[in-house]
Amino acid sequence: MQREGSAFNGLGVVMLKELADHLTSIRFIILELIVMLIAVGTVYVASQQIKDTVAEDPFLFLKFFTTSQEPLPSFIFWLSLLVPVMSIGLAFDSVNGEYNRRTLSRILSQPIYRDALLFGKFLGALMTLAIALVVLWLLVMGLGLLFIGIPPGGEEVARAFVFLLVTIVYAGVWLALALLFSIVFRSAATAALATLGLWLFFYVIWPVLAGELSQIIVPPDPRYAALGLQTPGTVVLEQFLARLSPSTLFGEIVVALLDPTTRALGPIYLSQLQGAVLGAPLPLGASVLIAWPQIVGLVAATIILFVIGYVAFQRQEVRA
Amino acid sequence: MSPDVVIEAKGLTKKYGQAVAVDDISFTVGRGEIFGLLGPNGAGKTTTILMLLGLTDISGGGISVLGFNPAREPLSVKRRVGYLPDTVGFYDQLTAADNLRYTARLIGFRFNEREKRIAEALDRVGLSEFADHRVGTFSRGMRQRLGLAEILMKGAQIAILDEPTSGLDPHATTELLAIIRRFKTEGVSVLLSSHLLERVQSVCDRVALFNAGRIALMGSVSELGRQVLGAGYVVDIEADGAGLAERLALIPGVSGVEQTGIGKLRLHADRDVRPEAATEVVAMHGRLKYLGVEEPSLEAIYTHYFENKSGEAAKQGARYAA
């Protein structure tokens, strides 16, 4: 059965309205303030340390993102913590909120498809996050310039920019998850708790669990253990399991992008390192190539979660 | 479909799994007609409305709304039909005008037309001075009026109103019904659902009484009255004159005369006997002070009908038990 008209009728209208709603909401302003404060704090601390210790590093600027000093963790640590929180904070009530305000049936009785409403909501929230993250990125770069007074090189800016794009994609994953739960659960509080719970599970518990599970499924070989090495089978399985979590994928991409000396994300054989000049930085293209499967993984996770939500939304009854 | 029929439903059915919410109903709504879907909560009124708008799938039967099939051409239907849901909601943090602006953009009106239509619509429901107030501060009646303003702004040919008067105070109800009557004068057809019979009776041209997913009765209120209550007309007369009661009882069609007070008589008849009664009074040189016919009340029809139904069901149950 062919549907009449375009599924994207009204998409732009919904997107712009969501964007305007988010940008003026108190919720967003609070989240943004927290992130800004943390950015200023961590970059300042990092700059102190960079001034003290690092003298000649061709990628000095990238250190702003990765340097940490006790007790304050690095900027990317905070970012990997706060980006999911911001995404969930923006989207946990996007569909069930419309139900509860009883606006959904009124909006859907206008000449648009449900597709436009859902996609518009997703894009609106993603644009909000993108704006917030770009501002944050510019802030960090600007503060970096102020604190150490050395302009970043082209390669550094390019790496930092790719990092920004990846962060937006990472935000998209959690956004799609929060959107899905806002469709499945009628109560906004339940949806928020479920999304946050799942995020905590992936962020805190899953890495530990992945190690334990892989040891159970492929028990370590005592011959490797005698040599002080890990059993290859166990390590490979552990990595496979850990990579089911978007947090792990994001962490690996960050390492590849912000540390140009990274040559592989996982165990490799010594033979594969033959001829490599260890510690020498890779060009940006090569670094992106290393992290490419992870980047694709994040994009795929976003699409899959969105599609599940889309199907659920299409089948849902409108009446409250 | 004749040009004067705007909604035509044939054998419309909706099932949720095993449960049947709407069971094989058929009705038509004409242009400029106010048609009421009446019945208790859960009788299938809202489900019927959602099927008309293409907002829920149809399990069986067919609908045509202005010649379009809501399941296949939902955009064409929704562009021409305005919908006021049960307890309509708006975005509380936005102003009344901004809420309408969002809808107008979704419909696709250009800026100039949008602003003109919004101002007109708000004016017609009496909300002009509240255009820039946030909807969060609105009373329930004002929200319902804003919902009607949305339909007016849309320039809909059919207005579908789900429980428009529920939860409103008498004053707000009267205002709302006045706006609904104005729809009719502009040739807009109105389909409204309600469980409040008394209020709705005053505006509906025809009604369909729903019960457990079926249309139990359909027609104008007076038709239904005769159908269900039997001798439907009750004429009250206030006049003086000796032997008037006896003479009035002789009018063909009058089945009974009762004295309801000093100089007050009540006639039960199978038709409107006011002209004959007036002639009789004048012929006796009596002084006619009051002559009125009591419309059958929808409430009475409804209660009577469903009491009979449940009575019959009980009887049948008893028979089976025996």
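A quick note: this is a predicted structure, and the numbers were derived from the prediction, not measured.

## Observations regarding the overall build of chain B
Argument step 1. The helix and strand tally for chain B stands at 11 helices and 13 strands.
Argument step 2. Dimensions of chain B, computed from the C-alpha atoms along their principal axes, are close to 75 × 60 × 40 Å.
Argument step 3. Considering chain B as a whole, with its 322 residues, one finds that 39% of them fall into the buried category.
Argument step 4. Sequence-distant contacts in chain B: of pairs separated by 6 or more residues, those separated by 24 or more amount to 67%.

## Points about the overall build of chain A
Argument step 1. Looking only at helices and strands, one finds 13 helices and zero strands in chain A.
Argument step 2. Secondary structure of chain A in N-to-C order comes out as α-α-α-α-α-α-α-α-α-α-α-α-α.
Argument step 3. Each principal axis of the C-alpha distribution contributes one length, and for chain A these read about 65 × 50 × 40 Å.
Argument step 4. Counting every position in chain A, which comprises 320 residues, the buried fraction comes to 39%.
Argument step 5. Considering only contacts within chain A whose residues lie at least 6 apart along the sequence, 80% involve residues at least 24 apart.

## Things to note about the environment of Leu200 of chain A
Residues and elements named next belong to chain A.
Argument step 1. Of note, Leu200 is situated in helix 9 (residues 188-217).
Argument step 2. Judged by local crowding, Leu200 falls into the exposed class, with 12 C-beta atoms found within 10 Å.
Argument step 3. Separated by 119 residues in the primary sequence, Leu200 and Leu81 have C-alpha atoms spaced 9.7 Å apart.

## A short note on the confidence of the model for chain B
Argument step 1. Residues at a pLDDT of 70 or more form 94% of chain B, whose mean pLDDT is 86.
Argument step 2. Confidence metrics for the complex model read pTM 0.87 and ipTM 0.86.

## A few points about the domain arrangement of chain B
Argument step 1. When its domains are assigned, chain B resolves into domain 1 (5-219) and domain 2 (233-294).
Argument step 2. Taking the mean C-alpha position of each, domain 1 of chain B and domain 2 of chain B sit 43 Å from one another.

## Examining the interface of chain B and chain A
Argument step 1. Contact residues are listed per partner, giving 23 residues for chain B and 20 residues for chain A.
Argument step 2. Broken down by element, the residue count for the side of chain B that touches chain A peaks at five residues, all from helix 3 (residues 96-107) of chain B.

## Comments concerning the environment of Phe109 of chain B
All names here are of chain B.
Argument step 1. Structurally, the position occupied by Phe109 is in the loop between helix 3 and helix 4 (111-124).
Argument step 2. The partly exposed category is assigned to Phe109, around which 19 C-beta atoms lie within 10 Å.
Argument step 3. C-alpha of Phe109 to C-alpha of Ala242: the two residues are 133 residues apart in sequence and 71 Å apart in space.
Argument step 4. Among residues more than four places away in sequence, those in contact with Phe109 are Ala104, Arg114 and Arg117.

## What about the packing of helix 1 (residues 11-24) of chain A against helix 7 (residues 114-148) of chain A?
All names here are of chain A.
Argument step 1. Two elements in contact, helix 1 and helix 7, have axes separated by 7 Å at closest approach and are oriented at 40°. Classed by the angle they form, the pair helix 1 and helix 7 counts as oblique. The two elements helix 1 and helix 7 cross, and the hand of that crossing is right-handed. Taken together, the residues of helix 7 that come into contact with helix 1 (itself represented by Leu11, Val14, Met15, Glu18, Leu19, His22 and Leu23) are Ala116, Leu117, Phe119, Gly120, Lys121, Leu123, Gly124, Ala125, Met127 and Thr128.
Argument step 2. Looking at the contact of helix 1 with helix 7 residue by residue, the class counts come to 11 nonpolar, four polar and two charged.

## Re the nonpolar core
Argument step 1. Membership of the largest hydrophobic core comes to 155 residues, with the highest contact counts inside it found for Leu175 of chain A together with Ala149, Ile158, Ile160 and Val190 of chain B.
Argument step 2. Examining the composition of this core, we find that 15 residues originate from one element, helix 8 (residues 154-184) of chain A, more than from any other.
Argument step 3. Among the nonpolar cores identified, the runner-up in size contains 13 residues, and Val235, Ile237, Leu267 and Ala269 of chain B belong to it.

## Here we look at the packing of helix 7 of chain A against helix 8 of chain A
All names here are of chain A.
Argument step 1. Interhelical geometry of helix 7 versus helix 8 gives an angle of 145° and a closest axis separation of 9 Å. In the crossing of helix 7 with helix 8, the sense of the turn from one axis to the other is right-handed. Mapping the contact onto sequence places Lys121, Phe122, Ala125, Leu126, Leu129, Ala130, Leu133, Val134, Trp137 and Met141 in helix 7 and Ala160, Leu164, Thr167, Ile168, Ala171, Gly172, Leu175, Ala176 and Leu179 in helix 8.

## Some remarks on helix 4 (residues 75-91) of chain A
Argument step 1. The terminal C-alpha atoms of helix 4 of chain A, which comprises 17 residues, lie 24 Å apart, in line with the 24 Å expected from a rise of 1.5 Å per residue.
Argument step 2. Turning to helix 4 of chain A, its buried residues number three or more, namely Phe75, Ile76, Leu79, Val83, Pro84, Met86, Ser87, Ile88, Gly89, Leu90 and Ala91 of chain A.

## Quick look at the sheet that holds strand 12 (residues 264-269) of chain B
Residue and element names in this part refer to chain B.
Argument step 1. An order of 11-12-10-13 is seen for the four strands of this open sheet, with the pairing classed as antiparallel. A single partner strand is all that each edge strand has here, and the edge strands are strand 11 (254-261) and strand 13 (288-294). Direction aside, neighbouring strands of the sheet carry axes that sit 20° apart on average.
Argument step 2. Relative to strand 13, strand 10 (residues 233-239) runs antiparallel, the two sharing six bridges. When the bridges of strand 13 are listed, Glu238 appears paired with Tyr290.
Argument step 3. Set on the sheet, helix 10 (residues 274-283) makes contact with strand 10, strand 12 and strand 13; between it and strand 13 the angle comes to about 165°.

## A few points about the sheet that holds strand 2 (residues 19-30) of chain B
All names here are of chain B.
Argument step 1. With respect to topology, three strands assemble into an open sheet ordered 2-1-4, the strand pairing being antiparallel. The two strands at the open ends of the sheet, each matched to only one other strand, are strand 2 and strand 4 (60-65). If you compare each strand with its neighbour and ignore which way they point, the axes differ by 15° on average.
Argument step 2. Relative to strand 4, strand 1 (residues 5-16) runs antiparallel, the two being bridged by five bridges. Residue pairing for strand 4: Ile7 is matched across the bridge by Val65.
Argument step 3. Across the face of the sheet, helix 1 (residues 45-52) comes into contact with strand 1, strand 2 and strand 4 while running at roughly 120° to strand 1.

## Examining unusual backbone geometry
All names here are of chain B.
Argument step 1. One non-glycine residue with positive phi stands out, namely Asp24, at about 50°.
Argument step 2. Tracing the backbone through its elements, the reader meets Asp24 in strand 2.
Argument step 3. Its identity is not glycine, yet Leu66 carries a phi of approximately 55°, on the positive side.
Argument step 4. Its place among the elements puts Leu66 in the loop between strand 4 and helix 2 (74-80).

So, how was this worked out
Residues numbered from 1 in each chain as written. Chains lettered and ligands numbered in written order. Predicted model: local features only at pLDDT ≥ 70, side-chain atom pairs only at ≥ 80, totals over all residues. Helix = DSSP H or I, 4+ residues; strand = E, 2+ residues; numbered from the N terminus. Buried ≥ 20, exposed ≤ 12 C-beta atoms within 10 Å, placed from the backbone. Contact = placed C-beta atoms within 7 Å. pLDDT = per-residue confidence, 0-100. Domains from an automatic or database assignment. Axes fitted to C-alpha atoms, helices over the stretch in contact; angles between N-to-C directions. Parallel < 35°, antiparallel > 145°, perpendicular 65-115°, else oblique. Left-handed = near helix turned anticlockwise from the far one by under 90°. Nonpolar A, V, L, I, M, F, W, Y, C, P; charged D, E, K, R; others polar. Core = buried A, V, L, I, M, F, W, Y, C linked by C-beta atoms within 7 Å. Expected span 1.5 Å × (residues − 1). Pairing = 2+ DSSP bridges.

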